[in-house]
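So you can see what is in the structure, the chains are spelled out below.
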Amino acid sequence: MVDMNNSENRLSLSDRINAVAPSATLAVDQKAKAMKAEGAGIIGFGAGEPDFPTPSYIVEAAAQACKEPKNHRYTPAQGLPELREAVAKKTKRDSGYEVDPQQVIITNGGKQAVYESVQLIINPGDEVIIPTPYWVTYPEAVKLAGGVPVEAIAGIEQNFIPSIEQLEALRTERTRAIFVNSPNNPTGAVWSDEQLETVAKWALEHDIWIISDEIYEHLSYDGAKVGHIGGIVPEIRKQLIVLNGVAKTYSMTGWRVGWMIAPEYVIKAAVKLQGHMTSNVSNVSQRAAIEAVGGSLEAVAQMREAFDRRRNAIVSALNEIPGVKCIKPSGAFYAFADVSGLLNRPAGPKNQTFESSLQLAQALLEQAHVACVPGEGFGVGGFLRFSYALADDDLDEGMRRFKSWADSGENL
C-alpha cells in the first residue's frame, strides 16, 4: 500500500524555491496584459520597460547578423570577444577606468548577472545587506544562494539612501556583500560621489563585496551626476562586481543582453556556472549589443529628454491627488509615491478601507484599470511605484483615472 504522506513529501518542490517570492513587477504586468486581452483598457505603469523602439541602427546590425552563418552556432559561454571588448571600452568611456575584456562575461539580461553574482560569492548563512527600497530580485537571488537578505531601510527623509551608520549597525561577522543600485529602482535616487566613496571605504575596511547595479547609469536629471564606484575608489575593484546591460539605456529589454564585470578569477567562476546554465547569449542579440555599446549616445539623450518631461508631469499629477506625496526622482524612470494617506480610511468609488498598498494597487487595477506596483514588492509598504516609461497621452490618462478614483470615481 502506498504511503501518500511520504509520497507527497518526496514529490514536493524544494524548500529553496518555496522560499522565493514571485516577481512583483512581472506579476502586475502579467495581470494587466491578461485584462487587456479580455478587452479592458489598462494603462500600465507597472513594468520597467521603455516604450521606445530599439534604435534602427541597432536593429539593422541584428538583421545583418541573422544572415551570417557564424551567428547560427554556439559561441563562447563568456560572450563574443568583440562584445566583451566593446563593454571594456564603454566602461572606460562612461565609468572612467580600464577593465580587461577577460574581466567581462555577457549574460542573458541583467537579471542573470544578478543571480550569478550572488551564487559566486555567497555560502549558506552568509548575509547580504540590501538598501531598501530595493529591486524585487535582489533578496530572492540571495535566498536562492542560501544567503540571508538584510534590509537597510531608508525613508523618504533620507532620499531612500541609508547612512553608513545604518549599514554598520547591520554588519555582523556573516556580512559578505552589499548591493548598491544607483540610480535606484524603484525610487530613482542617485547616490552622490561622497556616499559611494564612504560605502566603498567601509567595505574595504571590513572585506565586504560590493555588487553595483549600474543599469540606469545614463538616466539622470536636473544635473544629477551618476558616479561609478569603481572609478571613485579604485582600490574597491578587487572586491567589486558591476552589473549592467543594454535594456534600459538602449530600449532593448527583449534582446536579453547584460554583463558582469569583476576580478578575472570571479569571471572564470561565472563562466563555469553559466556554461552549465545557459551557455552563450543569443549571438544575434550580442551583435546588436556591440552596435549599441560601441555607438553614439545620441538616441539615449533623446529618450532621456522624453523621460524628463514625463517625470515632471507624473510627479506634478501625483502630488495633486489628495493623500498622495511624491518627491521628484533624480534618475531612472520611476516615481515612488507615498500613498499612506489613502490607507486605513475610506477611499475610492466603493468607499473601501485599504490596509496596505498591495490592496490599494489591486483596487486601482480592477476599478480604475491603472496598473502600478505596490511598495511591498520593494520591501516597504505604503508606497506605489509608477513607471513613467510610457506614452505621454497614456501617462496623462492614467493619472486622470487615479485622481478620479481617489475623488470617489467621478468621470471614470
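This text follows the structure it describes.
Attention here is on the structure that accompanies the text. (Residues numbered from 1 in each chain as written. Predicted model: local features only at pLDDT ≥ 70, side-chain atom pairs only at ≥ 80, totals over all residues. Heavy atoms only, no water.)

## Considerations on the overall build of the protein chain
Selection rule: Strands here mean DSSP runs of E at least two residues long; helices mean DSSP runs of H or I at least four residues long; both are numbered from the N terminus. C-alpha atoms define the radius of gyration in this analysis, and the globule rule sets the expected value at 2.2 Å times the number of residues to the power 0.38. Burial classes: relative accessible area under 20% of the type maximum marks a residue as buried, over 50% as exposed, and values in between as partly exposed (1.4 Å probe, protein chains only).
Across its full length, the protein chain carries 15 helices and 14 strands. For a compact globule of 412 residues, the expected C-alpha radius of gyration is about 22 Å, and the protein chain comes in at 22 Å, within 12% of that figure. Its C-alpha atoms give the protein chain principal-axis dimensions of roughly 60 × 60 × 60 Å. In the protein chain, which comprises 412 residues, the proportion classed as buried is 54%.

## Notes on the side chain of S182
Spelled out, the test is: For this analysis, a polar contact is any N or O atom pair within 3.5 Å, provided that within protein one partner can donate a hydrogen and the other can accept it, and provided that sequence-adjacent residues contribute only side-chain to side-chain pairs. It only takes one pair of heavy atoms within 4.5 Å for two residues to be counted as in contact.
Counting through the fold element by element, S182 comes out in the loop between β5 (175-181) and α9 (193-206). Within polar-contact distance, the side chain of S182 engages the backbone nitrogen of W191 at 2.9 Å. Those residues in contact with S182, other than ones at most four positions away along the chain, are A189, V190, W191, D213, E214 and V226.

## Focus: the sheet that holds strand β8 (residues 258-261)
Worth spelling out the cut-off: Paired strands are those between which DSSP finds at least two bridges. As a rule, the C-alpha atoms of each element are fitted with a line to give its axis, helices using only the stretch in contact, and angles between N-to-C directions run from 0 to 180 degrees.
The strand order across the open sheet built from 7 strands is β2-β8-β7-β6-β5-β3-β4, with neighbouring strands paired in mixed fashion. The sheet is open, and its two edges are formed by β2 (104-107) and β4 (148-153), each paired on a single side. Pairwise comparison of adjacent strand axes, ignoring direction, gives a mean angle of 20° for this sheet. Taken together, the 4 bridges between strand β7 (residues 240-245) and β8 define a ladder with antiparallel strand orientation. Across the sheet, the residue bridging to G245 is G258, located in β8. Against the sheet, α9 contacts β3 (127-132), β5 and β6 (209-213), and its axis sits at roughly 165° relative to β5. Sitting on the sheet, helix α11 (residues 264-277) is in contact with β2, β6, β7 and β8, with an inclination near 30° to β2.

## Structural notes on the pattern of salt bridges
Where we set the bar: Salt bridge, as used here: a side-chain nitrogen of Lys or Arg that lies within 4 Å of a carboxyl oxygen of Asp or Glu.
Counted under the stated rule, the structure contains 19 salt bridges. K201 is paired through a salt bridge with E197; the nearest N and O atoms lie 2.9 Å apart. Here K201 pairs with E197, and both are found in helix α9, just 4 residues apart, close to one helical turn. Take E197: its relative accessible area is 30%, and that puts it in the partly exposed class.

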